[in-house]
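Each chain, written out:
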Amino acid sequence: MNFSEVFKQSNQLCKVSPDGKYLATCVQYRLVVRDMSTLQILQLYTCLDQISHMDWSSDSLFILCAMYKRGLVQVWSLEQPDWHCKIDEGSIGLLSSRWSPDGRHILNTTEFHLRITVWSLCTKAVSYIKYPKACQKGIDFSRDGCYMALAERRDCKDYVSVFVCDDWHLLRHFETETQDLGGLEWSPNGCVLAVWDSCLEYKVLLYSLDGRLLSTYSAYEWSLGVKTVTWSPSSQFLAIGSYDEKVRVLNHITWKKITQFEHPATINNTKAVVYKEVERRPAVGADDLSLHNITIGTTLFNTQSKYEICPPPVQIPVVKPDPDRANPKIGVSTLAFSSDSRYLATKNDNMASVVWVWDMQNMSLEAVLEQCSAVRCFQWDPRRPRLALCTGNSKLYLWSPAGCVSVEVPTEGGFQVQSLNWHCSGDSLILLVSKYHLLGTKCVQKHYFKTL
Amino acid sequence: MGEWWTTVPIGTSMGNYEASRISHATMSPSRQNNYVSMYSLPLSKSSYSVISAFCTEDNISPCISYINQELDSLGLSSICIEASSPGGAGLSAVPALNAMYELLQIHRRNMCTLEELEKEQLKKTSSLEHMQMNNSRLKDQLELSIREKSGLHETERQLQLKIKTLQSCLKTEKDEVQKLQNIIASRASQYSHDAKRKEREASKLKERLSQLLVDRKDKKLAIDVLNCLGRSDGRRSHWKTAKATASHEGEMYKSLLSDYEASQRSLMLENAELKKVLQQMKKEMIHILSPRQSSSRRATADDTQEQVDSDGEEKAGDSSRETLDQSCEHAREQLTNSIRQQWRKLRNHMEKLDSQASQVQNQLESNKEVIPRETHDEEMERMRHEVQQCKEFIHTQQQLLQQQLNTSFDDETAALLNDCYTLEEKERLKEEWRLFEEQKRNFERERKNFTEAAIRLGREKKAFQEDRATWLKNQFLNMTPFTDRRRCSSSDGHSALSIRSEPEMRISSTNTQPAKSSTYATFSTPKPTQSATVPSTTELYRTLRLIPDSRSPRQRQTFNSFACRTPCRTLCSLVCPPAPTPSGHRKSAPSCETTVFIGLHFDATGKS
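Residues numbered from 1 in each chain as written. Chains lettered and ligands numbered in written order. Predicted model: local features only at pLDDT ≥ 70, side-chain atom pairs only at ≥ 80, totals over all residues. Heavy atoms only, no water.

**Q** Explain the overall build of chain B here, please?
**A** The number of helices and strands found in chain B is 13 helices and 1 strand. Seen in sequence order, chain B has helices and strands lined up from the N terminus as α-α-α-α-β-α-α-α-α-α-α-α-α-α. Sequence-distant contacts, at least 24 apart, represent 58% of the contacts inside chain B between residues at least 6 apart. Counting only carbon and sulfur atoms, one obtains 59% of the accessible surface of chain B, whose full area is about 49,000 Å². (Helix = DSSP H or I, 4+ residues; strand = E, 2+ residues; numbered from the N terminus. Contact = heavy atoms within 4.5 Å. Areas by Shrake-Rupley, 256 points an atom, 1.4 Å probe, with all protein chains shown as cover.)

**Q** Any chance you could explain helix α4 (residues 93-216) of chain B here in plain terms?
**A** An α-helical segment advances 3.6 residues per turn. Residues three or four places apart therefore align on the same side. The end-to-end C-alpha distance of α4 of chain B, which contains 124 residues, comes to 176 Å, matching closely the 184 Å that a straight helix rising 1.5 Å per residue would cover. Every buried residue of α4 of chain B is accounted for by Pro 95, Ala 96, Ala 99, Glu 102, Gln 105, Ile 106, Asn 110, Ser 210 and Leu 213 of chain B. (Expected span 1.5 Å × (residues − 1). Buried < 20%, exposed > 50% of the residue type's maximum accessible area, 1.4 Å probe, protein only.)

**Q** When you look at the sheet that holds strand β5 (residues 41-46) of chain A in this model, what are you seeing that I'm missing?
**A** Sheets are built from strands that pair by backbone hydrogen bonding, the pairs being arranged parallel or antiparallel. All names here are of chain A. An order of β2-β3-β4-β5 is seen for the 4 strands of this open sheet, with the pairing classed as antiparallel. Both outer strands of the open sheet, β2 (14-16) and β5, are each paired with one neighbouring strand and no more. Each neighbouring strand pair of the sheet contributes to a mean axis angle of 15 degrees, computed without reference to strand direction. The sheet contact formed by strand β4 (residues 30-35) and β5 spans 5 bridges and is antiparallel. Looking at β5, one finds that Leu 31 is bridged to Tyr 45. (Pairing = 2+ DSSP bridges. Axes fitted to C-alpha atoms, helices over the stretch in contact; angles between N-to-C directions.)

**Q** Would you mind going over unusual backbone geometry with me for this structure?
**A** Phi is mostly negative for residues that are not glycine, and the peptide bonds are mostly trans. All names here are of chain A. Across the junction of Pro 312 and Pro 313, the peptide omega takes the value 0 degrees, indicating a cis bond. Mapped onto the elements, Pro 313 comes out in the loop between β28 (305-310) and β29 (314-315). Here the phi dihedral of Trp 168 falls at roughly 55 degrees; this positive angle occurs in a residue that is not glycine. For Trp 168, the position within the fold is in the loop between β16 (157-164) and β17 (169-175).

**Q** What's the story with the packing of aromatic side chains in this structure? I'm lost.
**A** Centre distance and the angle of the planes are the two values used to describe a pair of aromatic rings. All names here are of chain A. What the rule picks out here adds up to 16 aromatic pairs over all chains. Centre to centre, the rings of Tyr 22 and Trp 56 are 6.1 Å apart; their planes meet at 15 degrees, and the pair counts as stacked. Placement of the pair is Tyr 22 in strand β3 (residues 22-27) and Trp 56 in strand β6 (residues 53-56), with a sequence separation of 34 residues. On the accessibility criterion, Trp 56 (5% relative accessible area) is buried. Plain terms: the ring middles of Phe 62 and Trp 99 are 6.3 Å apart, the flat faces sit at 40 degrees to each other, and that makes the pair tilted. Remark: Trp 99 occurs in strand β10 (residues 94-99) and Phe 62 occurs in strand β7 (residues 62-67); sequence separation between them is 37 residues. The exposure class of Phe 62 is buried, given its relative accessible area of 4%. A relative accessible area of 6% means that Trp 99 is categorised as buried. The rings of Phe 62, Trp 83 and Trp 99 are connected pair by pair, giving a single aromatic cluster. In this structure, Arg 30 is placed above the aromatic ring of Tyr 29, and the distance from its NZ or CZ to the ring centre is 5.6 Å. (Phe/Tyr/Trp six-rings, centres within 6.5 Å; stacked < 30°, edge-to-face > 60°. Lys NZ or Arg CZ within 6 Å of the ring centre and 35° of its normal.)

**Q** I tried to follow helix α3 (residues 60-73) of chain B on my own but got confused; where do I start?
**A** All names here are of chain B. Here α3 is 14 residues long and its end C-alpha atoms lie 19 Å apart, about the 20 Å a rise of 1.5 Å per residue gives. By the burial criterion, the buried members of α3 are Ile 60, Cys 63, Ile 64, Asn 68 and Leu 71. End-on view of α3: buried residues confined to an arc of 135 degrees, all on one side of the axis. Positive backbone phi, approximately 90 degrees, marks Gly 75, located one or two places after α3. (Arc of directions from axis to C-beta.)

**Q** What am I meant to see in the interface of chain B and chain A here?
**A** The extent of an interface is frequently quoted as the accessible surface area lost upon association of the parts. Listed by partner, the interface residues are 38 residues for chain B and 45 residues for chain A. Interface area, chain B with chain A, both sides summed: about 3,900 Å², of which 57% is carbon and sulfur. Here chain B and chain A share 3 salt bridges between them. For the pair chain B and chain A, the number of links is 9 residue pairs in polar contact (both at pLDDT 80 or more). Of all the secondary structure elements, the ones that give two or more residues to the side of chain B that touches chain A are α4, β1 (222-225) and α5 (242-299) of chain B. At 11 residues, α5 of chain B tops the list of elements feeding residues into the side of chain B that touches chain A. Residue classes in the side of chain B that touches chain A are distributed as 14 nonpolar, 8 polar and 16 charged. Pairing of strand β9 (residues 84-88) of chain A with β1 of chain B, which is carried by 4 bridges, proceeds in the antiparallel orientation. From the neighbouring strand, Cys 85 of chain A faces β1 of chain B, where its bridge partner is Val 225 of chain B. (Buried area = accessible area lost by both parts, 1.4 Å probe. Salt bridge = Lys/Arg side-chain N within 4 Å of Asp/Glu carboxyl O. Polar contact = N/O pair within 3.5 Å; in protein donor to acceptor, adjacent residues only side chain to side chain. Nonpolar A, V, L, I, M, F, W, Y, C, P; charged D, E, K, R; others polar.)

Rendered as structure tokens:
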């Protein structure tokens, strides 16, 4: 495992281009584009203000930089450094900005979700979409970039509009049977739209591309419902994480529940492997060589933690949520399928230090990773069944079916890994680390680039 | 007088006795009287002289009469105390004594009864006491239970009170719940109403805002692009037309259709796989079920219905298998039906097996002690018997072995065995004897031939010598004048010689005879006396053609034939490698070598 040097970045804005060739980072009001292989700076752009959002276009030719405070969006071209584009949303303000899948249109959501402005870079044309709904995930493009589904709210009723991204033609517009639509997501094959209600009600609706209601699923009533919904990359499964600490998996034929994964506080499953991270204080002067259960070149680094395999039953630390506060920290909030749809990683919010990995072939618990501190972020390798996670300390953790490893990030002065991103080739991983200065509240955030 | 006294009193006493008994039994009311009188009597006696004596000198007769009266009343009427002399003071002793005796008897009896009664009385009193105690105990119990009952009553009352309060509580709670539910419902409706109102307001505000924005013609709202970009796909943008709409629709349906097709394809594949599995399962099921059916057909009659079902169903299964590929509704139904039926049957079968197994187990458990024991015992007995037999057998065998090994055993069997052996030996000897006889005869014949031949030879020799002698004599005679004398002497010598040879021959024949008998095979020829006249045996044999004339030429001939045959064989083997035998090349190689060796060897011999 090789680590690159540390680069500065701000607002955790650091993205690899979709083709994997370039790396764009934002440092205050500057945009730096580097070559991914050499990490040499290719381009340097200067924006009008501190960048709050940055995104690559799908063809990796343009970079969008949004400055929400100013209501401005600036677009830069990689091929033509002189080319520039500035979009001003005016006094209405800007809430979010994103590329359309073709990379020639920019969709800006204005303050109060008043409207969505679609700017065309080809014709300078502007079009508005009214009544977008303010919700968890109100807009989604299909994987092939043909269609856009948008949640709308009119007359206290929820609607879904399906647009053709090509010319923003409204293809379908239908009312949904939701009390308060919480989000929508296209299946990866782009033919089924999953729509779920807000957390007050457990309801998942499945619509066909042409607006027909395919199925409705509701596991229970009278208690907080859906927290997150994720499609498997094969479109075969729809995993629903809910406030009752369970994940329910629907199949794509009957849209009925195949199985449900519970997250018990005591693991009695003998088939699952429970990896428990054990921290060790390094002895003074002792040459602490790593003791991982797999050694992938780890002898280079002194580690202070290792994984131990615990025999069942294993008690998992559970934090009881405060019932009086809104959005209680309970239930499954994060779901991620591996790229081959073989594994599902989940995190239950009241067991924040634990990541559960489920085998989707046997529909059983495969592994449990119990960390010492709360898991910040986890992401699957886009090529292999390999899970990377970070817990806000100076370590990176990797899980694969073969085993589990913790890697100390070699830095001087304990950087804390806040977030991570896989490169699309699965060869490298971008770690977003932060270091808090002793005095100020301002934090300098840097990122690591690292080749595995 | 005396007789009268003796006879009468007895009769009277008898009657008296009975009467007294009767009186004792029947005259209970008068008993008290009796007692009184009886008690009063000794009392009066004791105080006889002192106070108011019953009888005084003056009142004897009234006393007597009184006593008589009393005795009468006591039922002793027959006994009559009389004054010994009328008006006299004495008493006639006999009746008085009788009366006394009777009275004493009565008294004793009464005492006895009194005692009994007293005993009874005691018993009664004790039982009474017991009863009283019992009674008091029961009374206590009663008291206790009454107290208990009252206590229970109290608790019951309290509980009922509690129930009442709880019921009222429940009612109030229910009311509360109802109220709360109502409140919740009203709140919910209010909330939703409010939310809707707020949302409407918000949307109105939004409308207003957007209107304002439109009205104000926000100057800032702008896009500033250096030069417009081409579309990512390189095409030019289209106008929004009906055609475009239609094309969008078409595209959409196309993608939907392709998706459905893909899913259908995958489903079909899956279906085919499942069908395959189903078919295999069905086949296996039929396979599993068929032997059982045949066995059950034989076994039970009540399965016949099932049999019919299964037969019909098997047919159905076959037909369904045929139609399996046509995925029409009918075939599917048939298939599933048949599968279901077979499955049911399998299940039944399994259940039956299970029940059988459990029964068997039960039986084993229950009859472990009863039925198997009999059979077990029987078997054991049988086996024991067998073991016994075997033991005996072994024993006898051992005995026999012992007998054979040790000759020192009982005389009878030994004699018998010896007899056997001797008999056998005799037989063998006889056989040998017979053979020997035959050989002897042969030898005799040969000897005869020999002797004849020898005689002939001798004669010839003799004739020859005679000829020679005559020739020599003639010669000599021719030279000398004594021809006659000479002839005579030579003939004498010849005869003597011939005479001497005769017994020697005889001796040699006798010598050879035992040697011949000892070994049948060896032709030890009689040793010829080394005389010039007798020829050697080999000569004899040769003349008799008993020995083959020449062995070596024939031998050489065979050798030669072998030698001339082997070289060509070796040539063959040298030219072409020996054909590999099925057993393997390796095995054939040494044989080849040997042939070569032999060939060479014989080649050399052949050359030489």
